[in-house]
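The lines below spell out each chain.
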Amino acid sequence: MNGPLAGLRVVEIAGLGPTPFAAMTLADMGAEVIRIARPGARHLLGLDYDILNRGRGFIELDLKAPEGREVARRLILKADALIEGMRPGAMERLGFGPEDFPGNPRLVYGRMTGWGQEGPLAKTAGHDIGYIALTGALHAIGPEETPVAPLNLLGDFGGGGIFLAFGIVCGMLEAQRSGKGQVVDAAITDGVAHLMAMIRGMAAAGQWQDRRESNILDGAAPYYAVYRCKCGGHMAVGAIEQQFWAELLSRLGLDPAALPDRADRANWPALRDMLAQRFAVRTRDEWTAVFDGSDACAAPVLTIAEAPTHPHNAARGTYVEHQGMVQPAPAPRLSRTPGTIAGASQVEPLDPAEVLARWGA
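This structure is a prediction, so every number in the text was calculated from the model and none was measured.

> Looking at this structure, how should I read helix H1 (residues 18–28)?
One turn of the α-helix equals 3.6 residues, which is why residues spaced by three or four share an orientation. Along H1, eleven of the eleven residues are buried, which leaves the element largely enclosed by surrounding structure. Residues of H1 that are buried include every one of Pro18, Thr19, Pro20, Phe21, Ala22, Ala23, Met24, Thr25, Leu26, Ala27 and Asp28, and no others. Close packing links the buried residues of H1 with strand S1 (9–13), strand S2 (32–37), strand S4 (81–84), strand S5 (108–113), helix H5 (153–178) and helix H6 (188–195). Positive phi appears at glycine 30, one or two residues downstream of H1, with a value of about 105 degrees.

Here it is, written out as structure tokens:
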């Protein structure tokens, strides 16, 4: 491993969603991550190979048994960071709380939850959709009639896993200066609230209406919307700036002088209808060819299966094949110490004795 985090060791307590995503991100950047899984545990979704578990091996330990706790403790005492996603208090009951490792003062203790370590909801169950609901984000997404869940990208991974990974890296960087670790309390609600900074700022300035399909970025604007094509596929349009709008209209064969003024929001529905009618006369792929190489800010809406083969994605190597599965390449890209997917055991557990010996635990 020679990425920017090479030489750093992380213990991951097996979990779902944002915790393995954070661990994957750290492993992609060169950290050696060992996942501790329950003996014989099966993936919740029945997956034989989970992309989120790539690039690192795992050992099976029963943390309720003295022998399992001893092995885990020895590893954590040698780790730079720990990742866990249990409900508040669960790790403490196992004797694995942040205060239980005085022999490793540099340990950065990463805690991933939906609600955070404290607060009225801290110890209650939840999922992505509930977390983004309480931040105002879900209310802003979808058609006028009802909010629509944006997969679990916004909460679990955007507001959760990435913020946890960022917090852990910040903690490890600071520990190199101070010699002291700290707890990273990564709550999905906090992360999503942070992601909403620009929208909240626009709302405070009177530039965002607190209802769906009424704003520039929520599908109401004719120049920032999705249009259905003749084939049933769709084109995404993001021609916000005037020069890009002009290019879009030119490629569509529409005369700007014959269209209502887009600066007047009252004209948005009519403009949307005009563009919808125009997009409907050609297929998605035909429109893709029309807009290719232009500044019209129009792109085909690709399926999950199509995305890896798009010429731009292919040229950049945005997707790679690893262990027989096409998956996203490590991101972001570093010029001198780029991330890579490490070759590590994914299906079969590692020998705990071998891991302990390698870590000098």
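> I'm lost on the nonpolar core in this one. Help?
Burial of nonpolar side chains together is a common tendency in soluble globular proteins. Within the largest apolar cluster, 31 residues are counted, with the highest numbers of intra-cluster contacts made by Val10, Leu26, Ile83, Leu164 and Ile168. Contributions of two or more residues to this core are made by H1, S4, S5, helix H4 (128–133), H5, strand S6 (183–187), H6 and helix H7 (197–204). Ignoring anything within four residues of it in the chain, the contact list for leucine 26 reads Leu5, Val10, Ala31, Ile83, Ala165, Ile168 and Val169. Tyr223, Ala239, Leu252 and Trp287 belong to the second-largest nonpolar core, a separate cluster that totals 24 residues.

> I tried to follow the packing of helix H8 (residues 242–252) against helix H10 (residues 284–291) on my own but got confused; where do I start?
The angle between the axes and the distance between the axes are what describe a pair of packed helices. At a minimum axis distance of 10 Å, the contact between H8 and H10 shows a crossing angle of 125 degrees. As far as their axial angle goes, H10 and H8 are oblique. Seen from above, H8 lies across H10 with right-handed handedness. Where H8 approaches H10, its residues Leu248, Arg251 and Leu252 are matched on the opposing element by Trp287, Val290 and Phe291.

> What's the story with a nonpolar patch on the surface in this structure? I'm lost.
The grouping of Leu16, Leu44, Leu45 and Leu47 at the surface amounts to a nonpolar patch, some 440 Å² of accessible area in total. If you trace the backbone, leucine 45 turns up in the loop between S2 and strand S3 (57–60).

> Mind showing me how you'd approach the sheet that holds strand S9 (residues 298–300) here?
The pairing of strands in a sheet happens through backbone hydrogen bonds and is either parallel or antiparallel. One open sheet accounts for three strands, arranged S7-S8-S9; its pairing is antiparallel. The sheet is open, and its two edges are formed by strand S7 (224–228) and S9, each paired on a single side. Neighbour to neighbour, the strand axes of the sheet diverge by 20 degrees on average, direction disregarded. Judged from the five bridges that link them, S7 and strand S8 (residues 234–238) form a sheet pairing that is antiparallel. Pairing of tyrosine 227 across the sheet is with methionine 235, part of S8. The strands touched by H10 within the sheet are S8 and S9, with S8 carrying the most contacts at an inclination of about 35 degrees.

> Can you help me understand the packing of H1 against H5 in this one?
For the pair H1 and H5, the least separation of the axes is 8 Å and the interaxial angle reads 45 degrees. When the interaxial angle is binned, H1 and H5 end up oblique. Like other packed secondary-structure pairs, H1 and H5 cross with a definite hand, here right-handed. Note on element contacts: H5 touches H1 through Asp156, Phe157, Gly160, Gly161, Ile162, Leu164, Ala165, Ile168 and Val169, opposite Pro18, Phe21, Ala22, Thr25 and Leu26. For the contact of H1 with H5, the residue count by class is ten nonpolar, three polar and one charged.

What counts and what doesn't
Each chain has its residues counted from 1, following the order in which its sequence is written. Predicted model: local features are reported for residues with pLDDT of at least 70 only, side-chain atom pairs are reported and counted for 80 or more only, and whole-chain, interface and lining totals are derived from all residues. Hydrogen atoms and water are omitted, and side-chain values are computed over all heavy atoms in the structure. Exposure classes here rest on a 1.4 Å probe applied to the protein chains alone. A residue is buried below 20% of its type maximum, exposed above 50%, and partly exposed in between. Helix numbers and strand numbers start at the N terminus; a helix is a DSSP run of H or I with at least 4 residues, a strand a run of E with at least 2. Residue contacts are counted whenever heavy atoms from the two residues lie within 4.5 Å of one another. Here the nonpolar core consists of buried residues drawn from Ala, Val, Leu, Ile, Met, Phe, Trp, Tyr and Cys, with membership extended through side-chain atoms lying within 4.5 Å. Here an angle of 0 to 180 degrees is reported between the N-to-C directions of two axes, which are lines fitted to C-alpha atoms, with helices fitted over the stretch in contact. Angle categories are assigned with fixed cut-offs, so that under 35 degrees is roughly parallel, over 145 is roughly antiparallel, 65 to 115 is roughly perpendicular, and the rest are oblique. Crossing handedness is defined as follows: a turn of the near helix away from the far one that is anticlockwise and smaller than a right angle gives a left-handed crossing, while the clockwise case is right-handed. For patch detection, residues must exceed 30% relative accessible area and be free of salt bridges, and they are connected within 9 Å for like charges or within 5 Å for nonpolar side chains (Val, Leu, Ile, Met, Phe, Trp, Tyr). Using the Shrake-Rupley algorithm and a 1.4 Å probe, accessible areas are obtained, with residue cover drawn only from the displayed protein chains. Each salt bridge in this description consists of a side-chain nitrogen of Lys or Arg and a carboxyl oxygen of Asp or Glu lying within 4 Å of one another. Two strands are said to pair when DSSP picks up at least two bridges between them. Gly is put with the polar residues, along with every residue not named as nonpolar or charged; the nonpolar set is Ala, Val, Leu, Ile, Met, Phe, Trp, Tyr, Cys and Pro, and the charged set is Asp, Glu, Lys and Arg.

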